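Given next are the chains, with one letter for each unit.
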Amino acid sequence: MIIEVKDLRKSYGAVTAVNGINFTVNEGDLFSFLGTNGAGKSTTISVLTTLLPKTSGTVIVGGYEPEREAEKIRGLIGIVFQDSVLDPILTVRENLEVRGSLYGLRGLKLKSAVENAVKLTDMGDYANRRFGKLSGGQRRRADIARALINMPKILFLDEPTTGLDPKTRRDIWKLIRELQRTNGMTVFLTTHYMEEAAESDSISVIYKGEIKASGTPLELKTQYCTDILKLTLNSGEYIEQKLNKTIDALPIIAKHEGDIANIEIINGTLDDVFLNLTKIESE
Amino acid sequence: MLIKRNLLIFFRDKAAVFFSLLAVLIILLLYVLFLGSTMEEALSSQLGFESDKIPAVMASIVFSGLIAVASITSSMGALQTTVTDKERAYKDFLTSPASSGKITLSYILSSTIIGLIMTFISLILCVAYIAFRGGNLPGFTDCLLLFLTTLLSVLCGNSIVFFITAFIKSGGAFTAMSTVLGTMVGFLMGVYIPIGQLPSSVQWVIKCFPMSHAAAMFKQVLADGELSELFANAPPQVLGELRETFGVVFTYGNYTSGFWFSALVLGSTAALFYGASILVVRD
């Protein structure tokens, strides 16, 4: 396991943002950390990335504890923040050179790291343009390039595609998956888009500072949502039936065999999982 | 590389460069248009005689103060990056292995470099105008003393602004601070009104404000020669009183400050405020 979180608590005075959460992330996995706004996602990321001290609990990132070995963790991680942190007045390349120098890179090593990040994110010519002049999608690529400057073992992506158009989102997502597959990076993702989380190896859902569920997308869908069978018979009768498992549709279809005008099976999605988990709590 | 980044951010922002020189340009313009003749006439009527040295004396006194003002306002422009970064890029730096001490030092060094460049530009403009009004061009020794004064003035101004900036977290608050300090600093240094014409309590405020010593040092290099020429035939007591009135020297009881005393005040203040800033930033 590359990330281990046990009974993590983080309070700001009387307000508890994260209340005893537990989860693990395997090396090389794409892990999605889902939650509503204010659920505790950003606080958790801030603790994992050494930006905030924890109140209590155990946190291990890449084999190191954030409070005692922050510098070692910082050398292992790359972060794409929710809001861009690069300097608009500098070119992408200049931004990357500055950030590379923070990792002790100099001369040829720095140049090579910059070129590698530019190549991996396929930025081409616009690496020489000022960051502030780029489109939303290009900026996001530049942000990712910045996070890759030290070729991190763990890449934290805090809502990386929020505010982007569907095509750009798809392109960015393709890039992230490629990076994860080809470089064996562990990706820690927070997102509001459930279709992105559906591609994860594992997911944890946080709500009001507590983990509500963890597992693979399939496990969560099996446990927290149902499929729906919709049948229209020749007589015009309409049947809608919730299914615990998709296979449960077979006996119902068999019962009406020869009398069916239309069949539709709607699979449960992670949207349903997320809504069900947060709805239970709201109710 | 961080120093280079801070310099690029400042010098590529044409508005920032322009506004850091604005105070000097406005006063220069006002002085050329009408303030100069008014002040010259006032001095002439106060002295009870006319001399072709009066324009140079008046210009050298006013512009010496102005150069000292420039050394603090240019630091304000340069240190705006630290506040902008707190809102955006700072978390990016903090999650890298670079130490906060290294990051802090980069802000101090880059803002000092910017302060020096902008103050030297102001100095050249002011010396050129003083020469145009009949003043003497500084000789080699004076140039060395001007360099030392500029350096100490920038370091002192920079340390004070850096200390204040350590408590500021938003761009809005920084703008408000810059406006207030930028307006106040000219009065606190006794630039616009001869110190001798102010009430005793106000004179003490000016004498106790460390940056006033920067103005006094510039006056001792640029204006002392002009004053001596103007009062070549007058008793030394008259010249002594005028030096005090125009803030060329400060008296504390029986002690009259000289160039090296003022240099010591500036150097000690810089050391004190940088030390205090490091403690604040570390916390």
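Residues numbered from 1 in each chain as written. Chains lettered and ligands numbered in written order. Predicted model: local features only at pLDDT ≥ 70, side-chain atom pairs only at ≥ 80, totals over all residues. Heavy atoms only, no water.

### Description of the sheet that holds strand S3 (residues 30–35) of chain A
Strand pairing within a sheet occurs via backbone hydrogen bonds; the two strands may be parallel or antiparallel. Residues and elements named next belong to chain A. Here we have six strands laid out as an open sheet, ordered S5-S6-S7-S3-S8-S9, and mixed in their pairing. Each edge of the open sheet is held by one strand with a lone partner, namely strand S5 (77–80) and strand S9 (210–215). The mean angle between the axes of side-by-side strands here comes to 15°, regardless of whether they run parallel or antiparallel. As defined by bridge partners, strand S8 (residues 202–207) adjoins S9 across five bridges and the pair is classed as antiparallel. Bridge pairing in S9 links Val205 to Ala213. This element, helix H8 (residues 217–224), spans S8 and S9 of the sheet and lies at about 110° to S9. (Pairing = 2+ DSSP bridges. Helix = DSSP H or I, 4+ residues; strand = E, 2+ residues; numbered from the N terminus. Axes fitted to C-alpha atoms, helices over the stretch in contact; angles between N-to-C directions. Contact = heavy atoms within 4.5 Å.)

### Considerations on the pairing of strand S10 (residues 227–233) of chain A
Residues and elements named next belong to chain A. Side chains Asp227, Leu229, Leu231 and Leu233 of S10 all project onto a buried face; the interleaved residues Ile228, Lys230 and Thr232 project onto a face where none is buried. With six bridges joining them, S10 and strand S11 (residues 238–243) adopt antiparallel strand pairing. Counted as the bridge partner of Leu231 is Ile239 from S11. As paired strands, S10 and strand S12 (residues 260–266) are joined by six bridges and run antiparallel to one another. (Buried < 20%, exposed > 50% of the residue type's maximum accessible area, 1.4 Å probe, protein only.)

### Some thoughts on the interface of chain B and chain A
In this complex, chain B contributes 19 residues to the contact, which on the side of chain A involves 27 residues. Of all residues in chain B, B:Arg12, B:Thr95 and B:Pro97 give up the largest surface area on contact with chain A, accounting jointly for 31% of the area buried on that side. The interface formed by chain B and chain A holds five salt bridges in total. Across the pair B:Arg5 and A:Asp87 runs a salt bridge, and its minimum N-O distance is 2.7 Å. Counting across the interface, chain B meets chain A through eight residue pairs in polar contact (both at pLDDT 80 or more). Secondary structure elements with two or more residues in the side of chain B that touches chain A: helix H1 (2–12) and helix H4 (90–94) of chain B. Ranked by the residues each element gives to the side of chain B that touches chain A, the list is headed by H1(B), at five residues. Class assignment of the residues belonging to the side of chain B that touches chain A gives a composition of nine nonpolar, two polar and eight charged. (Buried area = accessible area lost by both parts, 1.4 Å probe. Salt bridge = Lys/Arg side-chain N within 4 Å of Asp/Glu carboxyl O. Polar contact = N/O pair within 3.5 Å; in protein donor to acceptor, adjacent residues only side chain to side chain. Nonpolar A, V, L, I, M, F, W, Y, C, P; charged D, E, K, R; others polar.)

### Considering the packing of aromatic side chains
Going through the model one piece at a time under the given rule, you end up with 20 aromatic pairs over all chains. Judged by centre distance (5.2 Å) and plane angle (40°), the rings of A:Phe23 and A:Phe33 are tilted. Placement of the pair is A:Phe23 in strand S2 (residues 15–25) and A:Phe33 in strand S3, with a sequence separation of 10 residues. For A:Phe23, a relative accessible area of 5% translates into the label buried. For the ring pair B:Phe10 and B:Phe11, a centre distance of 5.0 Å and an interplane angle of 85° mean the geometry is edge-to-face. B:Phe11 sits in the partly exposed class, given a relative accessible area of 33%. Here the aromatic residues A:Phe23, A:Phe31, A:Phe33, A:Phe156 and A:Phe188 are joined through ring pairs into a cluster of three or more. A cation over a ring is seen here: A:Lys10 above A:Tyr12, with NZ or CZ 5.4 Å from the ring centre. Over the face of the ring belonging to B:Trp204 we find B:Lys207, whose NZ or CZ atom lies 4.7 Å from the ring centre. (Phe/Tyr/Trp six-rings, centres within 6.5 Å; stacked < 30°, edge-to-face > 60°. Lys NZ or Arg CZ within 6 Å of the ring centre and 35° of its normal.)

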